[in-house]
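Chain by chain, the residues run as shown.
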Amino acid sequence: MTATNPSAKSARAPALTRPDGSPIRVLVVDDEPSLAEVLSSVLRYEGWEVKTAADGSTAVRTARDFAPDAVILDVMLPDFDGLEVLRRLRAERPHICVLFLTARDSVEDRIVGITAGGDDYVTKPFSLEEVLARLRGLLRRAGLARAQSVSELAVGDLVMDEDAREVRRAGQIVELTATEFELLRYLMRNPRRVLSKTQILDRVWNYDFGGQAHIVELYISYLRKKIDAGREPMIHTVRGVGYVLKPAR
């Protein structure tokens, strides 16, 4: 293992998202599976979407489909080196942020990486906190990310400011009643988790379950008309179980 301090959860900074509120996308390119997995875990904990590649050709193909905002890129790869990967990525995505990982510690090697178009670099062994901090800085400076307010919830392109009681999807205001807002807040606080009608009744309406399931069904239908109308749906029914909110794909 070439990373140190494997927990980046302490002193966690405000979450970063894309300007539209959707998750940051990062491609991790390293031929050491354990290192790639540790880096991916830390980035996913940030709420970001992550894909990995173990060689240059896979990295280029994956980037074409995944459209990452940033790439953590090892210089030494099995087929062609990270500098060539960078050249091919930038040909298709000129503004992508690239953070080089290198075992080489000489000034000359660092200059070569930056001159080739890399935005920053860290040398192995490195701390995961440093990688995360460097990546956050690159994304902010490039205008590809914004800090999420401590009062904000974000699931995909759906963003809720709890203090302002404001909801936006893809940057557009969504007008909600007080009950609709509370129902959506509960769903957004539990993304990708299937919630039963009983749980929803208890948390949103403070009812013990007693034949009031139709209220949940009714308000879910109201939310769908406002959140999902004309868009890729985010609110899904799990038959016989309940409802789940998850990012649109």
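Residues numbered from 1 in each chain as written. Predicted model: local features only at pLDDT ≥ 70, side-chain atom pairs only at ≥ 80, totals over all residues. Heavy atoms only, no water.

Visitor: I keep staring at the layout of surface pockets and nothing clicks. Help me out?
Guide: Taking a probe equal in size to a water molecule and rolling it over the atoms shows the remaining empty space. Taken as a whole, the second largest pocket encloses approximately 180 Å³ of empty space. What lines the second largest pocket is a set of 12 residues, among which Ser-22, Pro-23, Arg-25, Glu-49 and Ala-248 lie closest to the centre. A breakdown of the residues in the lining of the second largest pocket according to their chemical character gives 3 nonpolar, 2 polar and 7 charged. (1 Å grid on protein atoms, 1.4 Å probe; cavity = no way out; pocket = protein on both sides within 12 Å on 5 of 7 lines; lining within 4 Å. Points joined across faces, edges and corners; volume = space filled by probe spheres on them. Nonpolar A, V, L, I, M, F, W, Y, C, P; charged D, E, K, R; others polar.)

Visitor: Would you mind going over the sheet that holds strand β5 (residues 70-74) with me for this structure?
Guide: Backbone-to-backbone hydrogen bonds pair the strands of a sheet. The strands run either parallel or antiparallel. Read across the sheet, 5 strands follow the order β4-β3-β5-β6-β7 without closing on themselves; strand pairing throughout is parallel. With partners counted over all chains shown, the strands left at the sheet margins are β4 (49-53) and β7 (120-123), one partner each. Strand-to-strand, the axes of this sheet are offset by a mean angle of 20°, without reference to chain direction. Relative to strand β6 (residues 97-102), β5 runs parallel, the two sharing 5 bridges. The residue bridging Ala-70 from the neighbouring strand is Cys-97, located in β6. Contacts from helix α3 (residues 82-92) reach β5 and β6, with the element oriented near 175° to β6. Strands β3 (25-29), β5, β6 and β7 of the sheet are contacted by helix α5 (residues 128-141), whose axis makes an angle of about 155° with β6. (Pairing = 2+ DSSP bridges. Helix = DSSP H or I, 4+ residues; strand = E, 2+ residues; numbered from the N terminus. Axes fitted to C-alpha atoms, helices over the stretch in contact; angles between N-to-C directions. Contact = heavy atoms within 4.5 Å.)

Visitor: Is there a simple way to think about α3 in this case?
Guide: Quick reminder: α-helices carry 3.6 residues per turn. Residues three or four places apart thus point the same way. Along α3, the residues that are buried comprise Gly-82, Val-85, Leu-86, Leu-89 and Arg-90. Buried residues of α3, seen end-on, are gathered within an arc of 125° and therefore sit on one face of the element. Within α3, the exposed residues directed more than 90 degrees away from the buried face are Arg-87 and Ala-91. In this structure, the buried side of α3 is in contact with α2 (56-66), β5 and β6. For α3, the N-terminal capping position is held by Asp-81, with its side-chain oxygen 3.1 Å away from the main-chain nitrogen of Leu-83. (Buried < 20%, exposed > 50% of the residue type's maximum accessible area, 1.4 Å probe, protein only. Arc of directions from axis to C-beta. Polar contact = N/O pair within 3.5 Å; in protein donor to acceptor, adjacent residues only side chain to side chain.)

Visitor: What's the story with the pairing of β7 in this structure? I'm lost.
Guide: Note on strand geometry: in a regular strand, side chains alternate between the two faces of the sheet. Because side chains alternate across β7, one face comprises the buried residues Asp-120 and Val-122, and the other comprises Tyr-121 and Thr-123, none of which is buried. Two elements, β6 and β7, share 4 bridges in a ladder whose sense is parallel. Bridge pairing in β7 links Leu-101 to Val-122.

Visitor: Please explain the packing of aromatic side chains as it appears in this structure.
Guide: One pair of aromatic rings is described through two measures. These are the centre distance and the angle between the planes. Here the structure, examined in full by the defined rule, presents 2 aromatic pairs. With a centroid separation of 5.5 Å and an interplanar angle of 65°, the aromatic rings of Trp-205 and Tyr-219 are classed as edge-to-face. You can see Trp-205 sitting in helix α7 (residues 197-205) and its partner Tyr-219 sitting in helix α8 (residues 213-227), a full 14 residues away along the chain. Classification of Trp-205 by relative accessible area gives buried; the value is 15%. Centre to centre, the rings of Tyr-219 and Tyr-222 are 5.1 Å apart; their planes meet at 75°, and the pair counts as edge-to-face. Highlighted residues: Tyr-219 and Tyr-222, both in helix α8, separated by 3 residues, approximately one helical turn. (Phe/Tyr/Trp six-rings, centres within 6.5 Å; stacked < 30°, edge-to-face > 60°.)

Read these as layout, nothing more, since geometry by itself doesn't imply function.
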